[in-house]
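Remarks on the overall topology
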Amino acid sequence: MRLDLLSTLNYRNLAPCTLRFPAGVTGVYGENGAGTTNLLEAAFLALTGLTDVTRLEQLVQQGEKEAYVRADLESAGSLSIQEVGLGRGRRQLKVDGVRVRAGDLPRGSAVWIRPEDSELVFGAPAGRRAYLDSLLSRLSARYAQQLARYERTVSQRNAALRSGESWAMHVWDEALVKLGPEIMLFRRRALTRLNELAAEANAGLGSRKALTLELSESTTPETFAADLVSRQAEELARGSTATGPHRDDLHLTLGGFPATEYASRGEGRTIALALRRAELELLAERFGERPILLVDDFSAELDPGRRAFLLDLAASVPQAIVTGTERAPGAALTLRAHAGRFTPEGDAWELPEGVSASDLELDTDVLAQRDA
């Protein structure tokens, strides 16, 4: 898997551009606010169709109504074009000109490592649960489908609870009991391998404390139905569903103690790196090729040893884009970022052959319908 071209139009603070990326490591550096993080965000969106922003219009440049990103991908000797059109509350994805859903894009195409990943350790359970669900949804289309159905059912059940409609609980409970156990069992199976990979990565980062990943579950597949019934009065009072996989946590233990409470900031960054390394390896095992690695601010909160680990990881994959406020050593290509523009160090940069500025123009019909 290799990103050949990345094109952007009206995306955050990025100037309209088409950049060609070689195999190996591309280093992008500049001052804070120069657009390096936005470039990686655009690449991740174009590669996976995924974003964690709460409102899609946050991705559109101020003063514009629509934005567009495009990735030209090379995989197994063939070339494909993935496009994402964005507007207020709207997103449309296309592969080779055919409209698709996010789940139709290559699910193992990219892993994004960010300084904010430390919140996987020190943040709320929702963040760790989202990390696990996002990874498992990429590993299994079935898991993504069942999780979406489960979350819709929980939302509907919560609405009924807030309305005091106890008479309708059996309808939602029946659906949850069908979906919830499958989600819990898949998490358990996947966590066996994820735990092994994360422990190996943590040791490879020089940690002398063993890292363990465990599920902290609010119920079990066997007792879920009974727990829903027994807690109904409590849930009617709260107006929300208090038990089920949507309430579970990914419990991180370092040296026998909860990492959320006892890990230092440096240890937390190490654990977060171990989780991302495990993610990369798990996706590679599942899809048979190593993902494109996107690394934001490679030196943030890292000592020389951990920084070297991260750069070695970038060099170990077929392609990586590494950003920072300083040059990434050993890069095959180095780009200087300034005010959303990217200039290569060395030869002048031109639009690649066959690509013109008009290729970046957004079809006004691209956002005509909401992406389901």
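Residues numbered from 1 in each chain as written. Predicted model: local features only at pLDDT ≥ 70, side-chain atom pairs only at ≥ 80, totals over all residues. Heavy atoms only, no water.

**Here's the deal with the overall build of the chain**
Within the chain one finds 10 helices and 15 strands. Taking 2.2 N^0.38 as the reference for a compact globule, 372 residues should give roughly 21 Å; the C-alpha atoms of the chain span a radius of gyration of 22 Å, in line with that estimate. Over its C-alpha atoms, taken along the principal directions, the chain stretches across nearly 70 × 55 × 35 Å. Put simply, the chain has 372 residues, and 51% of those count as buried. (Helix = DSSP H or I, 4+ residues; strand = E, 2+ residues; numbered from the N terminus. Rg over C-alpha atoms; globule rule 2.2 N^0.38 Å. Buried < 20%, exposed > 50% of the residue type's maximum accessible area, 1.4 Å probe, protein only.)

**Quick word on the sheet that holds strand E5 (residues 78–87)**
One open sheet accounts for 6 strands, arranged E2-E1-E4-E5-E6-E7; its pairing is antiparallel. The sheet is open, and its two borders are formed by strand E2 (17–20) and strand E7 (98–100), each paired with just one other strand. Between one strand and the next, the sheet's axes are offset by a mean angle of 20°, whatever the strand orientation. Summarising the sheet, E5 and strand E6 (residues 90–95) pair through 6 bridges and their orientation is antiparallel. Residue pairing across strands places Gly85 opposite Gln92, the latter belonging to E6. (Pairing = 2+ DSSP bridges. Axes fitted to C-alpha atoms, helices over the stretch in contact; angles between N-to-C directions.)

**Things to note about the packing of aromatic side chains**
Taken as a whole and assessed by the stated rule, the structure comprises 3 aromatic pairs. When the centroid spacing of 5.6 Å and the interplanar angle of 40° are considered together, the rings of Phe44 and Trp112 count as tilted. Of this pair, Phe44 sits in helix H1 (residues 36–48) while Trp112 is found in strand E8 (residues 110–113), placing the two residues 68 residues apart along the sequence. A relative accessible area of 8% places Trp112 in the buried class. (Phe/Tyr/Trp six-rings, centres within 6.5 Å; stacked < 30°, edge-to-face > 60°.)

**Some thoughts on helix H10 (residues 304–316)**
Taking 1.5 Å of rise per residue, the 13 residues of H10 would be expected to cover 18 Å, and the 18 Å separating its terminal C-alpha atoms lies within 8% of that figure. All of the buried residues in H10 are Arg306, Phe309, Leu310, Leu311, Leu313 and Ala314. Structurally, H10 contributes buried residues whose contacts are with strand E3 (24–29), E8, helix H5 (169–204), helix H9 (265–287), strand E12 (292–295) and strand E13 (319–324). (Expected span 1.5 Å × (residues − 1). Contact = heavy atoms within 4.5 Å.)

**Some details on the side chain of Ser118**
Examined against the element boundaries, Ser118 turns out to sit in the loop between E8 and helix H2 (119–122). The class for Ser118 is buried, based on a relative accessible area of 2%. For Ser118, the residues in contact, after removing those within four places along its chain, are Arg265, Arg269, Ala272 and Glu301.

**A short note on H1**
Taking 1.5 Å as the rise per residue, H1 with 13 residues should run 18 Å; its terminal C-alpha atoms sit 18 Å apart, in good agreement. Of all the 13 residues making up H1, 12 are buried; the element is thus mostly covered by neighbouring parts of the structure. Burial in H1 covers these residues: Thr36, Asn38, Leu39, Leu40, Glu41, Ala42, Ala43, Phe44, Leu45, Ala46, Leu47 and Thr48. Downstream of H1 by one or two residues, Gly49 has phi in the positive range, about 80°.

**A few points about the confidence of the model for the chain**
Taken residue by residue, the chain gives an average pLDDT of 90. The fraction at 70 or more is 93%. When mean pLDDT is compared element by element in the chain, E12 scores highest at 98, while H10 scores lowest at 91. Below a pLDDT of 50 lies the segment residues 347–353, which in the model reaches 12 contacts outside its immediate sequence neighbourhood of four places, other chains included. Low pLDDT (under 50) marks residues 355–372, which in the prediction has 38 contacts with non-local residues, meaning those over four places away or in another chain. (pLDDT = per-residue confidence, 0-100.)

**Some details on unusual backbone geometry**
Within the chain, Asn10 stands out as a residue other than glycine whose phi angle is a positive 60°. Tracing the chain through its elements places Asn10 in the loop between strand E1 (2–9) and E2. Take Asn10: its relative accessible area is 15%, and that puts it in the buried class. One non-glycine residue with positive phi stands out, namely Arg12, at about 45°.

**Re the nonpolar core**
In terms of nonpolar packing, the biggest core is built from 55 residues, with Leu194, Leu213, Leu252, Ile271, Leu275, Leu293 and Val322 touching the most fellow members. The element that contributes the greatest number of residues to this core is H5, accounting for 10 residues. Ignoring anything within four residues of it in the chain, the contact list for Leu293 reads Val111, Ile113, Leu280, Leu313, Ala314, Val317, Gln319, Ala320 and Ile321. Grouped together as the second largest cluster of nonpolar side chains are 40 residues, Phe21, Leu39, Ala46 and Leu86 included. (Core = buried A, V, L, I, M, F, W, Y, C linked by side-chain atoms within 4.5 Å.)

**Some points on the sheet that holds strand E10 (residues 249–254)**
Taken together, the 3 strands give an open sheet; going across it, the order is E9-E10-E11, and neighbouring strands pair in antiparallel fashion. Only two strands of the sheet have a single partner each, and these edge strands are strand E9 (211–216) and strand E11 (257–258). Where E10 meets E11, 2 bridges bridge the pair, whose relative direction is antiparallel. Counted as the bridge partner of Thr253 is Pro258 from E11. Where helix H3 (residues 125–139) meets the sheet, it contacts E9 and E10, and its direction lies at approximately 100° from that of E10. Lying on the sheet, H5 is in contact with E9 and E10; it crosses E9 at an angle near 160°.

**Quick notes on the pairing of E8**
Residue alternation in E8 divides its side chains into two sets, Ala110 and Trp112 and Val111 and Ile113, and both sets are buried. When E8 meets E12, the two strands line up parallel, connected through 4 bridges. Note on E12: the bridge partner recorded for Ile113 is Val295.

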